[in-house]
Amino acid sequence: MADEDTTPSNDEAPAERPSLIARINALRDWASANRLRAVGVSVGLLALVVATVATWLYLAALTVSSGTPTLQQALDAYDAGEFEEARLRVVRMTESGDLMPDEYGGPLFVLGAVKAAEAEQQWSAVLRQTQFMIASKYLQEAKAVGFPEDRKNEGNTLLGRALIESGDNRAGLDVLEGALQVEGADQSQLHLTLASAYVLADPPEYNSALNHLDTALDDVELTGEPRVTALLARVNALAKLARFNEARATLQAIPAGDMTPSQLAIAAGQIDIDELRRQLGANINPDFKPTKLLDAVQASIEKLKRISPADPYAEEAMYLSGVAYGHIGDTNNAIRQFERVRKLFSSSPIGIAASVVEGDLYREQKRDNAQALTAYRRSLSVLDAPSAYRNQYLPLPELRQRMLAAHSDFLAHDDFPAAMTLVEQLDALLGKTKQVELLAETNAEWGRHLLQKAMEAGVEPVKLRREGRVRLREAGIGYEQLAERHFATEEYTNAVWKSAECHLGGQSYTSAVRMLNEYLRNEPVQRNAQALLRLGQAHLALGEPADGIFALEECIELHPQDAAVFRSRLDCAKAYRDEGKAREAEQLLLANLHSSGLTPQSEEWRDSLFELGRLLHDDGKYEEAIDRLAEAVERDIDTRKARLANYLIAESYRRAAEGPLAELEKAKTANERESSTREVQRYLTEALYHYEQVRVEIANSNTVSLLDRAMLRNCYMFKGSVLFDLGRVERSPERFKAAIDEYSNVSTLYQNEPFVLETFVQIANCQRRLQEPVKARLNIDQALQLLAQLPPDADFLATTNFTRSQWELMLTEMRKW
């Protein structure tokens with residue numbers, strides 16, 4: 001069965017809906033049929049009209065409130081402490097695009113004022129400084145455009161304070177000083193603000209602070225607590241200016257009921273302590289004791305100790321009593337008081353001051369540098385940023401001065417690790433550039449100290465010398481970094497010079513040459529002669545004689561009147577001597593000796609005399625060498641040079657005897673033999689005397705260098721040689737026996753060195769002269785045994801004239817004699 005088709009046909013029209021008018025008419029007809037229905041409909045229609053009107057009013061208010069805020073609304077929100085709302089209103093004002101360029105002063109003022117208010121609430125000094133810096137930028141822009149008329153005084157005050165708090169103290173003071181000229185300014189408040197700023201300036205300007213305090217106090221409307229605070233600030237400023245009687249008079253003028261006993265005790269104690277500090281610092285007599293003032297400070301301590309820990313001024317009272325204990329010499333109580341303060345108030349300005357003064361006491365009174373360092377590091381660890389540092393108890397300049405004094409004291413007492421540790425903590429306080437300078441200075445002092453200690457330490461203090469040179473090289477690098485930071489300033493060449501000097505002391509000659517050339521390129525006048533001298537010395541140390549001589553000759557030619565020319569001649573003469581140019585060397589040395597610019601007492605003159613004697617010895621002019629060297633010894637030259645001079649005198653006498661010995665061998669008559677014999681005896685006896693003198697000096701010396709060891713060995717050997725020659729000339733068995741004793745000393749002291757083989761040979765020669773061939777052969781056997789025991793890699797040619805195989809052949813042949 002098919003479904004019925006329910007779809008209407010096209011012929012059927014849809015049902016017609018009633019119109020709105022028809023519905024209203026129907027409602028009216030329905031309501032008029034009954035009185036209650038009419039009342040109900042009327043009430044409903046009235047409610048609908050009221051609701052419609054209310055909606056329209058709400059939408060109108062909403063439309064108004066969502067429009068562009070006004071400057072006054074932003075200022076009202078700021079004044080009410082609604083900082084976020086004030087900021088949002090300013091943002092909407094600026095985003096609307098309705099502001100004219102000259103209308104931005106007000107919104108910028110609001111933003112700056114809000115940021116300054118938020119900065120006041122920051123606990124971190126760094127964040128506080130950053131917020132004030134942002135505030136100062138807003139307020140500077142606002143001032144440039146124009147503060148709102150009724151906010152000019154407030155704007156200038158806020159700007160000045162923001163600049164000061166952000167670290168631009170001078171600019172802030174200038175703004176506040178200028179604000180005093182604005183009509184309608186709160187003069188008293190501005191003067192008080194300026195006074196506080198001048199006290200916290202770097203350095204504190206107490207005279208300026210005092211002037212502003214006096215002006216503010218002239219205002220009769222300044223009363224109550226603000227006036228007492230200003231008077232106490234005046235007391236403090238007068239005390240810092242050493243106007244102690246005026247400070248006490250000001251304190252006494254404050255009505256007793258206007259300040260607490262704690263305030264009175266602190267202010268009076270501060271005056272007494274400042275006066276005691278001034279008197280003790282000004283008197284150079286260590287036994288000076290201002291009894292009356294000491295008693296007053298002791299009485300102040302008792303008053304301060306009675307202040308309750310719950311008192312608002314307890315922190316200041318505890319700190320001040322610690323300072324007082326320190327000034328009267330009660331170090332232990334002072335330290336205990338400062339420990340108490342910094343434990344209770346570690347991060348406060350007073351806590352920082354307490355840690356620093358505690359460190360000073362440990363360092364100065366107890367010489368406990370470890371404890372002092374701990375105290376300093378504790379205070380520096382809470383110092384976020386110097387530009388944000390505000391501390392009337394320990395102003396920034398004083399804090400810097402105390403840290404620099406501690407560093408200098410560590411250096412003066414040779415505590416270089418402590419000095420280095422302290423400097424590593426001072427980058428924030430002093431700045432990176434000053435820290436780099438102090439690190440370089442510390443390394444330089446440390447290195448020189450180690451090298452000086454090495455000279456006094458005994459035999460071969462290799463480790464001390466190595467450490468000292470490492471420190472000097474680090475100092476050279478540090479000064480080089482300092483020079484980079486001072487580039488294009490007057491300090492640049494000075495830092496380059498110090499770098500070169502330290503590199504020279506550290507034997508980093510390549511770096512020294514580089515820095516000296518840099519110095520000469522950039523410094524047209526000062527120390528040029530000395531720089532050329534140092535450059536020549538560095539080149540010579542690098543084994544570059546041509547470059548060294550060139551620099552030294554340039555110094556001599558270009559700076560003939562400079563004191564450095566004398567050392568340049570001396571070093572150039574040594575270089576000429578090493579190059580085999582004895583004549584040129586002699587001329588330079590004689591130029592020094594004949595110069596009117598030097599006296600026999602000067603070091604360069606005496607060194608030139610010594611070097612001339614040494615040059616004459618090397619040139620075979622032994623008689624002249626003896627005279628020059630003897631005069632050098634008489635002129636009190638350096639101890640080490642005097643020792644070498646005596647050794648060269650002994651050598652000159654020994655070598656001078658070679659001529660008469662040869663003549664003695666050729667002498668044909670008795671007179672010739674007698675004359676030559678006397679001459680040989682004179683020379684060799686003098687040589688023997690001077691060899692023994694050198695030996696005794698070295699034996700009694702506290703420090704023995706490699707050169708000293710070589711000279712000591714040669715003294716024994718050459719004494720044996722001289723005694724052997726005297727034995728031959730005098731035909732004296734006693735001389736041969738004495739020679740054997742000297743050679744035996746060498747074989748005993750230097751058993752494992754190749755040159756000892758020579759002593760066995762010489763002993764055998766002496767024994768043959770004594771007609772003791774068996775003993776001579778035994779000594780040759782000992783020599784062969786020693787030869788077999790010497791290490792395979794022993795360097796025979798370094799101290800003898802033969803190789804191992806040559807020694808073996810010679811000793812084997814001698815054994816057959």
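In this text the structure is predicted, and so the values were computed from the model without any measurement. (Residues numbered from 1 in each chain as written. Predicted model: local features only at pLDDT ≥ 70, side-chain atom pairs only at ≥ 80, totals over all residues. Heavy atoms only, no water.)

**Describing the overall build of the protein chain**
So, point 1. Check the secondary structure of the protein chain and you find 39 helices and zero strands.
So, point 2. Buried positions account for 44% of the 817 residues belonging to the protein chain.
So, point 3. The contacts of the protein chain with a sequence gap of at least 6 include a subset with a gap of at least 24, amounting to 57%.
So, point 4. Only carbon and sulfur atoms are counted for the fraction: they give 51% of the accessible area of the protein chain, which is about 43300 Å². (Helix = DSSP H or I, 4+ residues; strand = E, 2+ residues; numbered from the N terminus. Buried < 20%, exposed > 50% of the residue type's maximum accessible area, 1.4 Å probe, protein only. Contact = heavy atoms within 4.5 Å. Areas by Shrake-Rupley, 256 points an atom, 1.4 Å probe, with all protein chains shown as cover.)

**Some thoughts on helix 39 (residues 804–814)**
So, point 1. What helix 39 keeps buried is the set Trp807, Leu811 and Met814. Burial along helix 39 is one-sided: seen end-on, the buried residues are contained in an arc of 60°.
So, point 2. Buried residues along helix 39 sit in contact with helix 37 (756–769) and helix 38 (773–789). (Arc of directions from axis to C-beta.)

**As for the state of the cysteines**
So, point 1. In total, this model carries zero disulfides according to the counting rule given.
So, point 2. Here Cys555 stays free of any disulfide, with the sulfur of Cys572 as its closest cysteine sulfur at 9.8 Å. (Disulfide = S-S within 2.5 Å.)

**Details of the environment of Leu163**
So, point 1. For Leu163, the location among the structural elements is in helix 7 (residues 152–165).
So, point 2. Using a relative accessible area of 4% as the deciding quantity, one classes Leu163 as buried.
So, point 3. Sequence spacing of Leu163 and Val175 is 12 residues, and the spatial spacing of their C-alpha atoms is 8.7 Å.
So, point 4. Filtering out sequence-adjacent residues up to four positions away, Leu163 remains in contact with Ser136, Gln140, Asp168, Asn169, Ala171, Gly172 and Val175.

**Structural notes on the packing of aromatic side chains**
So, point 1. Inspection of every chain in the model, using the stated rule, returns 13 aromatic pairs.
So, point 2. Centroid distance Tyr78 to Phe109: 6.4 Å. Interplanar angle 80°. Geometry classified as edge-to-face. In this pair, Tyr78 sits in helix 3 (residues 71–79) while Phe109 sits in helix 5 (residues 105–120), placing the two residues 31 residues apart along the sequence. Here Tyr78 and Phe109 have matching classes, each one buried.
So, point 3. Both rings, one in Phe416 and one in Trp446, keep their centres 5.9 Å apart while their planes meet at 15°; by these two values the pair is stacked. Taken together, the residues span a long stretch of sequence, with Phe416 in helix 20 (residues 416–424) and Trp446 in helix 22 (residues 432–455) at a distance of 30 residues.
So, point 4. What makes Trp446 buried here is its relative accessible area of 15%.
So, point 5. Ring-pair connections join several aromatic residues into one group, and the members of that group are Tyr78, Phe83, Phe109 and Phe147.
So, point 6. Sitting over the face of the ring of Tyr683, Arg682 holds its NZ or CZ atom 4.4 Å from the ring centroid.
So, point 7. Across the ring face of Phe755, the terminal group of Arg713 is positioned such that the distance to the ring centre comes to 4.5 Å. (Phe/Tyr/Trp six-rings, centres within 6.5 Å; stacked < 30°, edge-to-face > 60°. Lys NZ or Arg CZ within 6 Å of the ring centre and 35° of its normal.)

**Considering the nonpolar core**
So, point 1. Counting 88 residues, the largest nonpolar core has Tyr647, Leu757 and Leu811 as its most contacted members.
So, point 2. Ranked by residues supplied to this core, first place goes to helix 35 (residues 706–730) with 10 residues. (Core = buried A, V, L, I, M, F, W, Y, C linked by side-chain atoms within 4.5 Å.)

**As for the pattern of salt bridges**
So, point 1. Scanning all chains against the criterion turns up 55 salt bridges.
So, point 2. Here Glu118 and Lys115 are joined by a salt bridge, their closest N and O atoms 3.6 Å apart. Residue Glu118 and its partner Lys115 are located together in helix 5, separated by three residues, close to a single helical turn. Neither residue differs from the other here; Glu118 and Lys115 are each classed as buried.
So, point 3. Between Glu611 and Arg577 there is a salt bridge whose closest N-O contact spans 2.8 Å. (Salt bridge = Lys/Arg side-chain N within 4 Å of Asp/Glu carboxyl O.)

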